[in-house]
Each structure stands twice: as structure tokens, then as C-alpha cells.
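These are the residues of each chain, in order.
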Number of protein chains: 4
Amino acid sequence: MKPRLAPSLSLDQAPRFHAHPFDDDKLKEECGIFGVIGVTDASNFVALGLHALQHRGQEAGGIVCYHPDAGFNSARRFGYVRDNFTSQDVMETLPGPLAIGHVRYSTAGSKAAAIRDVQPFFGEFSRGGAAIAHNGNITNAIALRRELIERGSIFQSSSDSECIIHLMARSLQKSVPERMEDALRRVEGAFSVVAMTRTKLIGVRDPLGVRPLVLGKVADGWCLSSETCALDIIGAEFVREIEPGEMVVITSDGKVDSRRPFRSQPSKFCIFEHVYFSRPDSIIGGKSVYDTRRRIGVELAREAPVEADLVCPVPDSGTPAAIGFSQESGIPYAMGIIRNQYMGRTFIEPTEQIRNMGVRLKLNVNRALIKGKRVVLVDDSVVRGTTSRKIKEMILDAGAAEVHFRIASPPTAWPCFYGVDTPQREKLLAATMTEDEMRDHLRVDSLRFVSLDGLYRAAGEAEGRDNACPQYCDACFSGEYPVEPSDMIEKGFELKATE
Amino acid sequence: MKPRLAPSLSLDQAPRFHAHPFDDDKLKEECGIFGVIGVTDASNFVALGLHALQHRGQEAGGIVCYHPDAGFNSARRFGYVRDNFTSQDVMETLPGPLAIGHVRYSTAGSKAAAIRDVQPFFGEFSRGGAAIAHNGNITNAIALRRELIERGSIFQSSSDSECIIHLMARSLQKSVPERMEDALRRVEGAFSVVAMTRTKLIGVRDPLGVRPLVLGKVADGWCLSSETCALDIIGAEFVREIEPGEMVVITSDGKVDSRRPFRSQPSKFCIFEHVYFSRPDSIIGGKSVYDTRRRIGVELAREAPVEADLVCPVPDSGTPAAIGFSQESGIPYAMGIIRNQYMGRTFIEPTEQIRNMGVRLKLNVNRALIKGKRVVLVDDSVVRGTTSRKIKEMILDAGAAEVHFRIASPPTAWPCFYGVDTPQREKLLAATMTEDEMRDHLRVDSLRFVSLDGLYRAAGEAEGRDNACPQYCDACFSGEYPVEPSDMIEKGFELKATE
Amino acid sequence: MKPRLAPSLSLDQAPRFHAHPFDDDKLKEECGIFGVIGVTDASNFVALGLHALQHRGQEAGGIVCYHPDAGFNSARRFGYVRDNFTSQDVMETLPGPLAIGHVRYSTAGSKAAAIRDVQPFFGEFSRGGAAIAHNGNITNAIALRRELIERGSIFQSSSDSECIIHLMARSLQKSVPERMEDALRRVEGAFSVVAMTRTKLIGVRDPLGVRPLVLGKVADGWCLSSETCALDIIGAEFVREIEPGEMVVITSDGKVDSRRPFRSQPSKFCIFEHVYFSRPDSIIGGKSVYDTRRRIGVELAREAPVEADLVCPVPDSGTPAAIGFSQESGIPYAMGIIRNQYMGRTFIEPTEQIRNMGVRLKLNVNRALIKGKRVVLVDDSVVRGTTSRKIKEMILDAGAAEVHFRIASPPTAWPCFYGVDTPQREKLLAATMTEDEMRDHLRVDSLRFVSLDGLYRAAGEAEGRDNACPQYCDACFSGEYPVEPSDMIEKGFELKATE
Amino acid sequence: MKPRLAPSLSLDQAPRFHAHPFDDDKLKEECGIFGVIGVTDASNFVALGLHALQHRGQEAGGIVCYHPDAGFNSARRFGYVRDNFTSQDVMETLPGPLAIGHVRYSTAGSKAAAIRDVQPFFGEFSRGGAAIAHNGNITNAIALRRELIERGSIFQSSSDSECIIHLMARSLQKSVPERMEDALRRVEGAFSVVAMTRTKLIGVRDPLGVRPLVLGKVADGWCLSSETCALDIIGAEFVREIEPGEMVVITSDGKVDSRRPFRSQPSKFCIFEHVYFSRPDSIIGGKSVYDTRRRIGVELAREAPVEADLVCPVPDSGTPAAIGFSQESGIPYAMGIIRNQYMGRTFIEPTEQIRNMGVRLKLNVNRALIKGKRVVLVDDSVVRGTTSRKIKEMILDAGAAEVHFRIASPPTAWPCFYGVDTPQREKLLAATMTEDEMRDHLRVDSLRFVSLDGLYRAAGEAEGRDNACPQYCDACFSGEYPVEPSDMIEKGFELKATE
């Protein structure tokens, strides 16, 4: 008999609301992590860092810290960092020079989120406690959980990440870093982890380096962050990326020890971090994310030119690529669609009198600008296609002469199992339609996606994709999964047939 | 190195407020438990039962239930049952024919309560989950916790009760009742436990039967409750008390199976349940608690008569004994002290202009009645003595001619380690003073406590206390602990020297 | 066209909950008022005073204060004083040496209470502002409101009391006390008012003195309060009652000026204040309210003796009369009904399996005590009779041999229009039935009410009621209204036919 | 003696938070208004309309509606429309076919906002009630208030707008539209007002037409809105602008009656609505606001060209002008500054270790893009100059070679008294410095503002400003106030000396 993944439903449910205009039609990064050691009031730094990483998870956030007198303390809350971790009242309860934090987006399947699913997770071991914050997804979590329960572990959450802390608790090793190495060697999938003991800050990336993790220097201390934009907010200096398969153990006296607990493998960084997940002001592999996106627009303009009067981004994620498209094509860039800055929960729609209210609440067409024009709309991706269709209708209602969609990523045809919230495969428009079928389905004058090679070029691979050994994880486009999604296969997921 | 009992401080702290006038100067029962099987909407019954048991724990409450379709669900909240478990919104999330619940008062030591300390506790085992609710205290909890952590268990709370669920998770037995027997054989101390699986309601009392647990019949189902008053509220019929050392396993089809997992011992029911903890409308051992208390007053009037004009209870717990004292002595009974029904949190006291505000917020003397009178004040117990002194001052300020205290229990000279919140021994007035010294300390005209034999007689033991083998646990009065408090001895507590 | 009394429904609705077991079957006092001048942090004193007067109104409370630097400040909240006016945060916003406050119970008719109905009311006049707090009811409020609206006044609340502040604003007089005299001469009905300007505390009682108001001395300042119990809580000395038709104007330097703005009339204090409204530890006319109630029990035992085994109060309001009945009759007093101290909002009642849950949530019978006994139940009044019937059933279910009701007031046959929340006349049991019919309706072995003369005797009128010119307002019993309820007559209320 | 404008401080204070990155350094529109008649569930339409107008006031919002059965109902709340007026619970209390609403930003001076300051205001008159919502500012409010208080009116808020409803209450006219004409003829300043009775929706603009108001058609009903973007959200058709000095009275049967209650004057629409206040997707005078802003950028590029590598907007308000500047100058447009989408309340800044955190919380520089570049920064306006300076520092810290500021409005040298929150004159950078002094103060390589003529040209006046009779109100730039600010002059404000 299989264990239930979510044995108990808590009442402390989170309100779901979406900060992006079409959140329900986007792939969503599930986590951002941040840690700092060697500073006064470390939790304040973590709060700021998490605020800068809020785009990686808006549902909930948590901080664990340690102070020699006050011991470990923690706070976990639903909602934005800015609302939960800014008051003097809360922050005073989180003292000490060492802290880690986590922001999360819920997984697609969970109907009711519980506060106990909010990381960091904490465990008291026989020689002292540790806390962990995990970005990614463990692909053998179901099997691990079953095994751990049979041995007598009691799970408190429905999170795959909890396996790590139980594996650590049961490790025969003594020190926390050694327990962690021991545990992570049993774990498959994608993981960037920030952890802490009473005296150490620890960072690890999985052997493929699917999720990002960077090292920064702040005052006399060190910090670890999912992205560089969170270093900027606290005035930290970007030192380097943690390498795939690397573990760094940073002590209170500022020593950074690098270890290699895993077998070496070719790296497979998630290419979608370039397309959408990461913030445009972050730097990946030495390059501005914004500029990579702009260059995708340039590639698109070359691969799929069109005669038109205006290039308009779908706000806000299509903006950099639209600028690039405009620059390469010479077609003027314009804000044809205006976003309402005060979006939030669902309004009650006046019955039957108003259609498409969902879109209008968030976006409005700049009618006087669009009327009679041939418009190129640039968006970052097409997932279900539902919003693309609504936007097209808004633009046509406003009197546009032609609508041409240009998409700054290849067709998203496969779900991600490495820490991203994706619909089931059959919900992905590109899983069942060709580019032409999608164009007809969306009823636009033209629809073009950037090629995989174009995307790789924009990301800095001058030669495009190395199909023998791709430089990135691009499973959502290619269906080539660098780590076997074993839990999903057990549940019936079918891998792409190898030709 | 010893493990920390409360590794992490949560921010979800409970507001502390006291429903009784002098809560900080009373022994406090720490828990009430209730369970029901075989009814529609079991959680509603549990909510009602817990409401009737609210006097056993006001800080927090929790309910776990099971429905074949919805699985296990739970809700745990700080505050009163009436405020947390009455709305349609909440109760609809707790469906099913089987539920257990718990109300708790926090232990003396814990500065900040956390929601994860609120029971029932839940564990998913390899063949299905179980939830437990515990009234009592495990006297070897620290040793058990240390052992379990060394084996890799991760504790989520600072509660001693969590040991039980981890012991169950690690049991080599398969069924939940067998796992529970296995676990409870490792546990020392006082425990009445109500537990549930997907199909069974389980009740257990420790071999000494220190804490109460009764069985009731409601409609086609069965219920377990700390006290009979909670049977009345749901219209259940009182069937019998669960016996010391007995485990009952009740199945969905209404079968009640009785087991005896422990070695038989003479029972040691807590005599303070008669004095203060239990509700006056509950029935223990076939006798009305109210009437036992009234009879303590009768014994007091015989043992310690006094010439006076009025007998006044200290509201509300002194009322039954005051009635008995009046009836036996012929001195008129009067409400000389009136309690404010709207007590709550602390007021800001106007600086320096008002003294003793703490008492006046809660009680007021009936001046016109008291003036010039010789007053007998009847209270249930003296713990620290701080409030006895304040009340005496109020009565004298109002112009009483004499004040005579009569206490409906023997001097409380020893802390309880079996599930009651007691101050440290040195804080107990009777630990350091004789009756005469206490009288002088309180500056009253006379002070008398009922004798241990008088108390036993009022509780139905016509011959008084059997000193060779006392019929009750009276450790708080006698210092004779029926179970060795091993954790406390490890921490330095000294047992009474045996003569 | 008539103006609407409640033009706009606010969303800031108050949760209704009842602190007394059968609140829906009691007459309810609608207000308590308190004011203080000449002390540091006057608002803290007012908060304490209102807490002591909470029994006079549980729905909402408000405080207005004045500080020479901070000006007028105010706070109005739904809920208990203890929950709203105790935090440092709130009290710090209410500085100054002068403050007044108000607690209120909502009127029967208002479906949704709004925060703007919560007193004190404030008005800025051309020579400075004033705030007023009113206990009572204006019987010509509808006519006054209509007139004021026609002149251009804008009402902000649905309260009759708001008329007073508008009349003051329009007065041709200059000083606030003179404006107040001017305004109150236009007002009919019952009113005790506490008011304040920047430099004065003012108290007034209507010419009949229907509602109470007392003067106290605290430190170097003075206070005004509905009852003496609120003087005790702040350690104030009771000086005297404000006399019917008297206005006192107290200045910051401690001068108390007494005025007589109204034509002199025989006083008509509300006799129900003795029966139920006032707190038992208050003193009215030099006599303990508790003792008056006890003496009603004595009168009842003389007027309506019965052979029985136990005298039990209906908690808590029947207690003093039950003690008196027991003392006069010699029948032992016993707590046959136990009240749950944790009452609150409505529980969801398990469907069809439990009857009379409403009562059981609040009260429980002491079964072991009652069984086989002939029981005298003493209650303070019978309004609708619904709860009397439920209690009788509980007592019989518990096995009582006989049930005799003794009521510590005459039959309540007429609604009150002077500041008390009464059901419509046809809902009053005594309006449509004789004593015998009520006995049969309630199905008890006997039912007797104290006589009007007995009640007057207990209240200190040795000769009983002076029918030519009654010493009290007893309209709820006699139907003799000392002030014509003109608004109600306009709405169709029919006065008692004069024989 | 002068009356106090804010007699009483409420505790219901609003949390202040800013949705725009540098809200404290922007002029702020104070209100948005919306009304609808002749639709089902009018309040839902109003909620949607207010959501689209949220940029005109984020502090609070209110809705009043009328239903023949339910009468007038209202809700007023602090915070965003999306958070307050979207739940079924709230919206169900606001029934009916007729409703008006208001969003507001607080005035600069008020320290503590009170819920009673939140519009719409409601008054019950002798022939029925009316509600009003006001955008603008009454320049003789203090004098009017003093007069009304002397006549006996009681003000409930500290808002200037409340004068209107009191003037209406006291009007000798009978119908609400006539009372309104009567009242508004006494009022000086800027006002667009939406009002309602039980059967009519009314809209008025002051004779100069300073604030906008437009008429729309939705289904069988009509609506009035501050801007056209709120028509789009409910699918309403834009009919026409209400003309300066026009009053429209719309009845339930759909009849629109136009009146001219004021003396005709040349119109003076606020030119800052084009610069910043209005939403870019609104249409004013037939022209897209976005395009006007883009054309300001074009004018700027012509008037103040510069050699540079990148044109970057200060997000988000500088974006359209930056696009125009890039298009005219040929310098590439780039997102050199990235805005954090999750801004909110103030964070606790880690002490002394981090400077300029305020800016970094909201904005981050795209370092990899900016480094070594000559950057043109385009912003909409300079008010205090504090944020311009911080942004310049961020850009230089990131390694920019040169920083050139181009401002899409003339120097803001005078406060606005017509419904905009402006700092006092001495706080305006341009009030005390020349353009060159400002450049030196900000330490940038160059600083240029668009000329008044350039602004007028971009706004569609081909010949630029008509200095004899300016086509717009541009008092904030020119100091030429079309309505004398009499309250402010009384308080000591000095008008620009006429040469």
C-alpha cells in the first residue's frame, strides 16, 4: 500500500492570488532561497534577499535563524515577504548572525496549502539541529518517503523536500555537512539547497546544476542566493556561482570550504531561467538576463520577420524581447497594452453583461494607438494558449488591422519535473498542435516561436544547441529529461519515444 | 549533550488570558480529551465535548477527524473552542463519523506556545495513520526524546506527548492498537489517551488511573471523555469509567473491545480532581463532584469551627464548600465578593493612584453587606498565597470586623508531575510554612485547612486515608509520588525524605 | 414624508454574542456611562469604569478624551472593553486629564449595528466642541429628528441620542452647559447624560431620574458613573447620587456646580435596576443591590411558600433571591444547575440527534444532586418564557420529582421605552396569560411571582407601593408610563386603558 | 476663534504604503470618482471602475448604492479596491441599480486618516437622501466650514468636500439637483462631482473644468468616470467628456439632462493629467495619454539633444517619454533600471551596513547593461529631487560613464491647490533653483526639462502656450492660479508677484 502524500489537511489555507497578469497561463518557478552568515541581524538581510527573490515564489515565505543566546528561531507565513517580514515585532523575534530563508510557490496538485509545508524545514539531530531550504524537485521523493515511513519517520508536510531532513536525521554520520552529503546522495532530481547549523551556512547544487545558486560577500559575512539581484538589494558583492555538484560550507569566522560530494557530470542549467524565471536584472554566466531576452527578440526578428506598424510587448515579461525585435526589425516599439498596477484577487464579474473581464482587470489596450495598425505582439512563451487568445481578441476589438504573435521561446511541449509548476502534458498547447495549428487555433495572422538554436544563440552559445550533449536542460521544449522522473513514471507518465 | 526540548520558537504565539479570577494562583489541569465514533459529523460532537471540558485547558484546542472520502483532516487553534470550532466554514472542513479532540493549558515553563504543540498529534505509519490526544504527563519524556532523536526521529513540538507517536511509528507491531500498547509500555507517568485510526477509536488509562476517562453511548455511536459533563452536553449516556490500566478499542460497527496491556497495580486517582479540576456537575466514582466539595465544607466546619456572621465563598471555586460550611455551621451564606463576568487580559493600571487593581478588575467586595461583620472566607486551595492576601485586604478595606480563612484542601506543599501546572516547590506557601505561619503571613484572624482524612472522608472514604496504601494520588499534599518523577530527579528535584 | 431612521447600512457589523445564559430571554439595559476629570490619563480610568459597567452593554464601547496639546481624541469599537481598551497602543492615543465613555447594547430592532452608532457622540460648535454619552431613551426622538433634518442637520447615526448633539449645535446659547440645558428641555423620556467640553465634565439626569448616575471622588479629580461598582474598581469614593433633574458641571480645578434646569417632578427611578440591571455589588439609595435581591427571595418565600427538598437558583441572576428564599423557608440551598463559564457564539448543533442544545451549551443539571428531589427554581424574571420551559425540561430529564418556579419580580407585561431592550408586547408571556395559564404553559408544578408590593418592600418601601404616586417607574409590570411614549404611540402602540 | 479642521482623531488609521517607486517624491492626484445607473448590481460596476482608477487614489475607497427595497447602503474601507470590494460577502450588501464610488489619496497634512473621511458622503435631507463623491479641492473650504458650524451644522470629517453636503442640506431648494446647484455656486476651486439620489445619477464639473469627468454608455445604463480607462474595464462605450461648468442629471429611465448652473469661463484643464496623473491608456480630448507622453519625449529630444549610448526610463512613469526620446534621437532604448514588482511597506534596514536601501527595495540597476555607457535617464517630473539624486548614484555605482537627465515636464515650482498632494513651495527643488543649479545639485552631466511650449505642443497645441489666456491650468509650472486659493492666502501663502 502506498503512503498518502498529504495525510492531513490544514485549515490554515493560503489565499491564492496572482501578481502577474496571466499567472495561470505561465510556467512558475517554485522557490527562491537565500542565506547569510557573519552579519548583525542576519534575518533582516534574508528578508531583503527574499523580497528580491519574490518573483520565484509568492505564496509563502519562511526564515530560520540562530543566535547563541536565543537558539534557533523561525517564522513561516503565507503571503509576501514585504507584508510578513518587515515589522519590528516580527523581526525582533529572529535574532542572530546566521539565517536562511525560502519563498515558495505551491505545486500544481496541492489543493490546500498548509503552513507546515512552508520551508525552511528544521530537524533536531543528536548532536544539534539544522535547517534546510530547497529549490528544485526530488524526482524519487515518493519512493524515499515510503522507505522512511516504513523505518518509523513521521512526515509533517506534504513536501518532497522533507525527505532530505529525515535522511539527514537517520544518517550514520555525525556532523551536519556529512549528514547532508549522505542524504543528498540518495536524492535524485534538481536541487539547490541552502542549509544552516548553529555555526555554519551550507550551500549545495545538484550534479547537473539545474537550479541556480550564487555566492556573495556582504560586509564581513557571506551570503548564498538563488540570483544575483538579491545580492544587489543588500549591497553584497557577487563572488561566483556555486558550481554544479559543489557543496560550500561557510563558517562563522568567514572560511569558505568547497566540497564535491557527487560524481561529476556535464552541467544542465535550466534554460527557462533565461527565458522567464530569473529577474531581468540578474546575471547568469556573466551575462545580463535582460540582454539575453532582448537578444531572443533579435533572433526572432531574424528568424520570423514580418511587415507591421508597431511592435508591442505583452506586459511585462514580453518587454525585453519586444525591444530586441523592434531594434532588429526597425518597426517602432510601442506600449499597445497597458497593465493595471493594482491587480489582485478575482472580482465578481457583473453577470452576462461583460465578457473577458479576467483580462480587462489586468490589461487594457491603448485603443487610440492600436486602431488600424498592423501589430506584432511579443510574448515570452505559450503554455495553454488561453491568454494569448484573449489578448488577440482585445487587440482586434480595439481595431487592429493585423495581429502577429512572436514568441520568445520554442513551443512548450513537455512538463518540467525539476521544480517548476507546469500543467499536465495534455494541457500544453504545443503538446498536441503544430505551429500552424496553433496559429489557426489562436486565429492570428501569424504565429512564430524562436527556434531552439536561436534560443541557445541568444543565451550565448554561438553555435546553437549541441544536440549530442545539450548545454542546458531544455526538457520542456525537447522532452529530453536529463534525470529520469521516476516518481512520475511510476504514476504513468510516458517519456518521449526515442527514435 | 542533551537535546533541547524547544528547539525553535514559533511566532504564532497565543495570547495568555485567564478566565478564572486568580488563575496565576491556582493549580491548573493541563488537558481535556474527547473522542467519538459512529455518528454523523463527529467533529461537531467533539467540539461540543471540548467546550464542556474547556475548564481543563483554555489555551488551545484541536480536532482530528477521518472521512472515507476526505481522509484525515485537522484543525488546531489557540483560544476557546467556542471561538474556533463553531463556524460553518471551519466545521465543514472536518467531516466524517470519527473524530478526536484536545484542549490544553500550557505548561509552566514554556514561554511561547506554538501551534505545533497543540494536540492531537498525527503520524502516518506504514500501514495507515493515527492521531492521539493525551491528558497527563510522561515522567520519563526527556530520556525517551533523547533516545528517539538518536535513532533519527525528528520532533516537531516541545510536548512530552509527542514521544508516544514516535514510539508508535517505530514499533515493530503492525496494527495501531498493538503499536500503541508497545509504545505505552515504554512510557512512565500519568496518561489518559484518546486515539483514532481510520476505523477505530481507542481509549487508554495508565495503570494507576491518575487522570479520568469515561465511556459514553451517543445515538448509535460511542464516545470517550475526560469527564461526564461532556457527555451531558451531547446528550450521551454515561456508561462507565475506563478502568486504570485498561485499553478499549471501539470499531465503526460499535464493538467495544477491552484490553489490559499493563501489569495490574492499585489505582491512584488524582484527589485534586475532586477538589478543583473537575467540573462540579461531573460524576466521579458515582458521586457528584459538587456534592463532594460541599461535603468538604461540612468537614471543615466540623474540624475548624468559628464564630462568625457570614460565610462567603471566594468565587467561583469556593462556592460549594462555602455552602457546606454554612449548612453545617448555621452561619448564613452570603455573596460577599462579586465576580466581574467580563474578565480578560490585563488593563493598563493608572499609575500610582490605584493599588491592587489586578484583584479589583476581577472581584469586588459587597461593601454594604460586609461592613462590620465577622466573615468566614472559604476557598478551594492556597498555592502561592498571593491572592488570599489581596482578598483579605479587600475585605478589611470594606470594613469587615474579622476575617477567617477556611481552605477546602490540605496545604499544597509539593508540585504535581502528572499533568498539572504547579509552581516550583519553593513557590508553594505550604512548602515553607506551617499553618500558623501562613496565618500570620496572610494576617488573618484564623486560617484552617481541611485535614487529609477529612478530604478522603468527603470523597467517600468513610475511614479516611489508608496511609499504608492511599486510595488516591495525593502527592501535592503528602509528597508521596506513586510514579517516580525521573526526568525531574535528573533535573535536580529532591523527593521527600523517607522517615 | 417621514425620514428614514437608518439611512445607510454599514458593513462594519458587530458579532452578536451573549454573555448571559439566556440573554435572548432577558430585558437588557442598553447603556452604561462614565466620565472623569482632573486625573492623569483619564482614559484609563474610563476604561476601567466601563469594564465595571460592561453588564449594562456588551455590544460596543467608546471613549472620548481631551488633552490641551493633543485636542479631542476618540476610539469606538465593537466588543468588550477588556479587548479594545487595554492595549498600550490604543490607550496612548487617548491622552489627557478629561474623558468620558459609553458601553452600549443594541436596540432590539436594529439588524446591523454600525460603528457610527457607537457613543460618545462629538460635535464641533462655534465656540468649541463637546462630546456626550447617553443612557436612556428619548421618547420623542422621531419628531425631533424630522424637525432637525428639515432645518438642514445631517444625521450620521440611527441613534436617538444624536438628537441631543444637533439640538446643542443649533442652540442660540453660547456655552456648552447652556446649550445642553437648552437641548435637553426639548427632549422627552429617560436620560442620564455624561458630557465633556475641553474644560468641563457635565452630568445630568432627567427630571424623573429614571436611569442612575452617581458622583465619585478619585484622587484630586471627580468622576460620574452609572453605578457605584465602577467607583470601586478605580478606588474612587462614592460621594452621592446625582439627583433627578439635576445637572452638575465640574471644572478642571475641581469645582462642582449644581443646577436645576428642569421643572421639579416626583422621582421615578427604574425598579428593574434593583431586580436585574444593576450589579449586585452596587449601592442604590444607600442599600446593597445584592441584599435587595436577597430580600425579594425572602418576600417570595413568605408570599408563596412550598414544600420542597432543594432551592436552586437559575444561574447567575437568580442566585441572591434563591439564597433569600432558602434562608426564609429553611429549604437547603444548592447549585442544581451549573453554568459553563466559556459560553459564546452559537455552536453548530449536530442535526436531529440532540435537542435543546442551546441550553445545554450554557447550563448543565447536577444530575446526582437533583434526582428524586422536589426542586424550587428561583429566577429573576420571566420575559418570553422560552428558557424557563427549557430549564424545567432539563430538571425533569435529570429525574427531579417536582419543579416549582419562584420569580423574583412581578409578571413583565409591558415593554419599556426608557432605554431597555424589551420584546414587543405580544411576545411577553405575561401580556397574554394569567399566572395560572403561565404555570400550565410551562408545565411546572407551581409558578409564583413576587407581588408588586413585595418587590417595593424588598426595595425598602416598608408600606409597599404607593398606588396614587408610585415611588418607582414600574411600567414594565404595571403599564403605567410616567412619560408618554409619543414616538411609539405614533407608531401604533396602545397605552393601557385607564379604568 | 477658528474651528479646528480635524476635531477628533480616529484609531482606524490606514497603513500608508506606496505603489509607485518614489511616491513620496511625486505629485499625487487625490481622487478618482465613478458612478453608474440603470444596470443590475451597479456596485460591481463601480468596484471595477474604481479598480481602473486606483492610480488616482490608493489610500481608501467607498461605494454608496441604492436599491428600492434595501434603501441606501454603503461601505468605506482603507486599502485597495481589489482587497475590499471583491468578496461576495461585501458586494452582496451593496445591492441595486444605482451606485457611486470614490478612491482617495490622503492630503499631505493629515497625520491620521479616519474612515469617516472616506467618501462618498451621505446626507439625509427632508425629501430624501443623497450621496456625493468629489474629485478636486475647494479653495474656500475653511471659510465655508466656519460659516456652517456657526449655523449649527456638525461636521463629521476633516474633508473639505463635506461642505458640499452641508450646503445642500441647508439649501432652500427642494430637489437634490437644485440643492446641488445652490451649494456648488457657493464653492470655489476645482471640482468634478458624481452624486446620486434614489433615482438619479448626477455629474458636475467646475466652470474651469480643472478635473476630468467623462460620460459612458454601458448596456441599458449610463456611467460617469474620471477617466476613459474605467469605461474600458466594464465594456462601456465612451460617449463624451462632461463639459466645464456642465451638470448632467441622468434618470433611471435613461434620460440625460444637461444643465449649465455656472457663469461660462474659458476652460483650464489640468495639464499635469497629461504628464502623470491620468493612466496612459485613457483618452483626453480625443488623444491617447500614452501618445502625448511619447510626444513629450520627442519634444525633449529636439529641445535638449545629447550624445549617448542608451535611453533608459525611470520606471514606470518615464517610459513613454523615454520611448519618444529614443525614437526621435535614434539612441537605443533599454531597461537600464528594473522595478521590483512586489514593493510595499518599509523594510527594517540593516543598521549602518547598507545605504540607500529605500531605493534598492524598489529599483535595481541592470549592471551588465549600464557599465561604461553614457545614459540618458528620462523621468516625468522632478518634485523634491531626492529620488533623482539616488537614482543617479545607483547608475554611477553600476559604472555608467555619463548620466543625463531629461524631464518630461517643466520645472515644478508651485504647489497645486486644486486636488493634488504637493509639498509646500519651499520643498520644491525648482522653487529655489535654476535649471543649472539643479544640475549641479543633482551632480549629473546634464539636466534638461521640456519647455512649457514643448509640453503644450505635445498636448496638441501646435502653437504652444497662449500666454494671454493659457489653454490649460499650469499653475504648478507657471504660478498662474486660475482660481484664487483664498484659504491658503488666509494661511499666509504668497502668490507670484505680477510683473
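Residues numbered from 1 in each chain as written. Chains lettered and ligands numbered in written order. Predicted model: local features only at pLDDT ≥ 70, side-chain atom pairs only at ≥ 80, totals over all residues. Heavy atoms only, no water.

## Observations regarding the domain arrangement of chain A
Residues and elements named next belong to chain A. With domains assigned, chain A is organised as domain 1 (11-268) and domain 2 (288-339 + 346-467). A straight line from the C-alpha centre of domain 1 to that of domain 2 covers 33 Å. Listed as interface residues are 20 residues of domain 1 and, on the opposing side, 26 residues of domain 2. Inspection of the region where domain 1 meets domain 2 yields zero salt bridges. The set of elements that each furnish at least two residues to the side of domain 1 that touches domain 2 consists of β2 (28-29) and β8 (128-138). Residues that form the side of domain 1 that touches domain 2 fall into these classes: eight nonpolar, five polar and seven charged. (Domains from an automatic or database assignment. Contact = heavy atoms within 4.5 Å. Salt bridge = Lys/Arg side-chain N within 4 Å of Asp/Glu carboxyl O. Helix = DSSP H or I, 4+ residues; strand = E, 2+ residues; numbered from the N terminus. Nonpolar A, V, L, I, M, F, W, Y, C, P; charged D, E, K, R; others polar.)

## Brief notes about the sheet that holds strand β9 (residues 189-196) of chain A
All names here are of chain A. Strand order in the open sheet formed by six strands is β7-β8-β9-β10-β14-β15, and the pairing between neighbours is antiparallel. Each edge of the sheet is formed by a strand with only one pairing partner; in this case those strands are β7 (121-125) and β15 (256-259). Averaged over neighbouring strand pairs, the angle between their axes works out to 20 degrees when direction is ignored. Note that strand β14 (residues 247-251) and β15 share four bridges and pair antiparallel. Bridge assignment links M247 to a residue of β15, and that residue is R259. (Pairing = 2+ DSSP bridges. Axes fitted to C-alpha atoms, helices over the stretch in contact; angles between N-to-C directions.)

## Let's talk about the packing of aromatic side chains
Within the structure shown, the criterion is met by 62 aromatic pairs over all chains. With a centroid separation of 5.0 Å and an interplanar angle of 45 degrees, the aromatic rings of A:F272 and A:F277 are classed as tilted. Here a set of aromatic residues connected by ring pairs shows up, and it is made of A:W414, A:F417, A:Y418, A:Y481 and A:F493. The positively charged end of A:R425 is found above the aromatic ring belonging to A:W414, 3.5 Å away from the centroid. Over the ring of C:W222 we find C:K217, and its NZ or CZ is 4.5 Å from the ring centre. (Phe/Tyr/Trp six-rings, centres within 6.5 Å; stacked < 30°, edge-to-face > 60°. Lys NZ or Arg CZ within 6 Å of the ring centre and 35° of its normal.)

## Considering the interface of chain B and chain C
Taken residue by residue, the interface counts 66 residues in chain B and 66 residues in chain C. Interface area, chain B with chain C, both sides summed: about 5600 Å², of which 60% is carbon and sulfur. Here chain B and chain C share two salt bridges between them. Here B:R367 makes a salt bridge to C:D232, at a shortest N to O gap of 3.6 Å. If you look at where chain B meets chain C, you find 18 residue pairs in polar contact (both at pLDDT 80 or more). Per element, the largest residue contribution to the side of chain B that touches chain C is six residues, and it comes from helix α1 (residues 42-52) of chain B. (Buried area = accessible area lost by both parts, 1.4 Å probe. Polar contact = N/O pair within 3.5 Å; in protein donor to acceptor, adjacent residues only side chain to side chain.)

## Comments concerning the UniProt feature "active site" (unreviewed entry) in chain A
All names here are of chain A. In this numbering, the UniProt entry assigns the feature "active site" (unreviewed entry) to C31. Position of C31 among the secondary structure elements: in strand β3 (residues 31-37). The exposure class assigned to C31 is buried, which follows from its relative accessible area of 7%. Aside from chain neighbours lying at most four places away, what touches C31 is R56, H102, V103, R104, H134 and N135. (UniProt positions renumbered as here; feature names shortened; annotations may be inferred. Buried < 20%, exposed > 50% of the residue type's maximum accessible area, 1.4 Å probe, protein only.)

## Some remarks on unusual backbone geometry
A cis amide bond links C:Q119 to the next residue, C:P120, at an omega of 0 degrees. Inspection of the secondary structure puts C:P120 in the loop between β6 (98-104) and β7 (121-125). Cis geometry marks the peptide bond from D:P315 to D:D316; its omega dihedral reads -10 degrees. Its identity is not glycine, yet B:A219 carries a phi of approximately 50 degrees, on the positive side. Of note, B:A219 is situated in the loop between β11 (214-218) and β12 (221-225).

## As for a negative patch on the surface
A cluster of acidic side chains, namely A:D89, A:E92, C:D89 and C:E92, defines a negative patch on the protein surface. Structurally, C:E92 is set in the loop between α3 (88-91) and β6. (Patch = residues over 30% accessible without salt bridge, like charges linked within 9 Å, V, L, I, M, F, W, Y side chains within 5 Å. Areas by Shrake-Rupley, 256 points an atom, 1.4 Å probe, with all protein chains shown as cover. Lys, Arg positive; Asp, Glu negative; His and termini not counted. Charge placed at Lys NZ, Arg CZ, Asp CG, Glu CD.)

## Focus: the side chain of A:D474
Residues and elements named next belong to chain A. Mapped onto the fold, D474 is located in the loop between β26 (472-473) and α17 (475-478). Since its relative accessible area comes to 1%, D474 is described here as buried. Here the side chain of D474 touches Y456 through a polar contact of 2.9 Å, side chain to side chain.

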